[in-house]
Amino acid sequence: MKKVLKGTVCALLVAGLVGVAYAQFAKTEDAIEYRQSVMVLIGHHFGQIAAMVQGKKPFDAKELQQNAALVETLSKLPLAAFLMDGSDKGKTHMKPAALKDKEDFKAHLEAFDTEAAKLAQVAAGGDLEAIKAQFGNVGKSCKACHDKYRSH
Ligand code: HEC
């Protein structure tokens, strides 16, 4: 009984948090700016990892680990900013399709989130070959979403 109650309270809290997250943007412009900013940061830190994986920058296990941890953190942020109604219009490259099938968009974001978390884990191990493989999986998850939901 206690357990059930705990679960319910937990679910309510989570639902509440999501509600707050949705409400945090007063205007669609704010949501667009927020998600583009997050994507710029993700692009930057993922790019730093790419440089090492591709041998353009000397491999530094600690630095790579920090970048992977940041990508993982950032991967958790933007859902509310993407799914705000009306935010497919204006200065954005998000396709309206994202708002027509929110569940599918969410699934793409979650797939990315899962792969990014795995990369952070593998990066902590410091094995460059393993990192390369998981880096590829994350890249695929970026591309899958961009191909479907980004206009260019
Ligand atoms: C779940 C979908 C999704 C995933 C996963 C995703 N992106 Fe994006 N990304 C988008 C959308 C949509 C836009 C366009 C946002 C807009 O213009 O409002 C975007 C924009 C960008 C931009 C351009 C930002 C700007 O406005 O200058 C970069 C860079 C980027 N993404 C990098 C990445 C990288 C790197 C990854 C993976 C490590 C990734 N994205 C994963 C959906 C995604």
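Since the model is a prediction, treat every value here as computed from it, not as a measurement.

Draft legend 1. Highlighting the site of the ligand. Surveying the vicinity of the ligand reveals 21 residues, the closest of which are Met39, Thr92, Cys142, Cys145 and His146. A distance of 2.8 Å separates an oxygen atom of the ligand from a polar atom in the backbone of His93. Residue His146 places a side-chain N or O atom 2.8 Å away from a nitrogen atom belonging to the ligand. If one sorts the elements of the shell around the ligand by residue count, helix α2 (residues 28-53) sits on top with seven residues.

Draft legend 2. Examining the coordination of the iron atom of the ligand more closely. Protein ligation of the iron atom of the ligand involves Met39 (SD) and His146 (NE2), the donor distances falling in the range 2.0 to 2.4 Å. The coordination sphere of the iron atom of the ligand comprises six donor atoms, whose angles at the metal cover 84 to 179°; the geometry is octahedral. Here Met39, found in helix α2, pairs with His146, found in helix α7 (residues 128-149); they are 107 residues apart in sequence, far enough to count as distant.

Draft legend 3. Seen up close, the side chain of Asp88. With respect to the helices and strands, the residue Asp88 is situated in the loop between α4 (79-82) and α5 (97-100). By relative accessible area, which is 16% here, Asp88 ends up buried. A distance of 3.5 Å separates the side chain of Asp88 from the side chain of Lys89, its partner in a polar contact.

Draft legend 4. How the structure looks around helix α3 (residues 61-75). In this model, α3 (15 residues) spans 21 Å end to end at C-alpha, consistent with the 21 Å of a helix rising 1.5 Å per residue. Within α3 the residues assigned to the buried category are Leu64, Asn67, Ala68, Val71, Leu74 and Ser75. For α3, the arc enclosing every buried residue in end-on projection is 125°, short of the 170-degree limit, so these residues lie on one face. With a side-chain oxygen lying 3.0 Å from the backbone nitrogen of Lys62, the N-terminal cap of α3 falls on Asp60.

Draft legend 5. Looking closely at α2. Compared with an ideal rise of 1.5 Å per residue, which puts 26 residues at 38 Å, α2 spans 37 Å between its outermost C-alpha atoms and is within 8% of the ideal. Among all positions in α2, only Ala31, Ile32, Arg35, Val38, Ile42, His45, Phe46, Ile49, Ala50, Ala51, Met52 and Val53 are buried. Those residues of α2 that are buried lie in contact with α3, α4, α6 (102-125) and α7. Just beyond α2, the residue with positive phi is Gly55, at close to 75°.

Draft legend 6. Quick peek at the side chain of Thr92. Structurally, the position occupied by Thr92 is in the loop between α4 and α5. The contacts of Thr92, once residues within four sequence positions are left out, are Ile32, Arg35, Gln36 and Ser87.

About the criteria used
Residues numbered from 1 in each chain as written. Predicted model: local features only at pLDDT ≥ 70, side-chain atom pairs only at ≥ 80, totals over all residues. Heavy atoms only, no water. Near = heavy atom within 4 Å. Polar contact = N/O pair within 3.5 Å; in protein donor to acceptor, adjacent residues only side chain to side chain. Helix = DSSP H or I, 4+ residues; strand = E, 2+ residues; numbered from the N terminus. Donors = N, O, S within 2.8 Å, 3.2 Å for Na, K, Ca; no water. Tetrahedral: all angles 85-135°; square planar, octahedral: opposite > 155°, others 65-115°. Buried < 20%, exposed > 50% of the residue type's maximum accessible area, 1.4 Å probe, protein only. Expected span 1.5 Å × (residues − 1). Arc of directions from axis to C-beta. Contact = heavy atoms within 4.5 Å.

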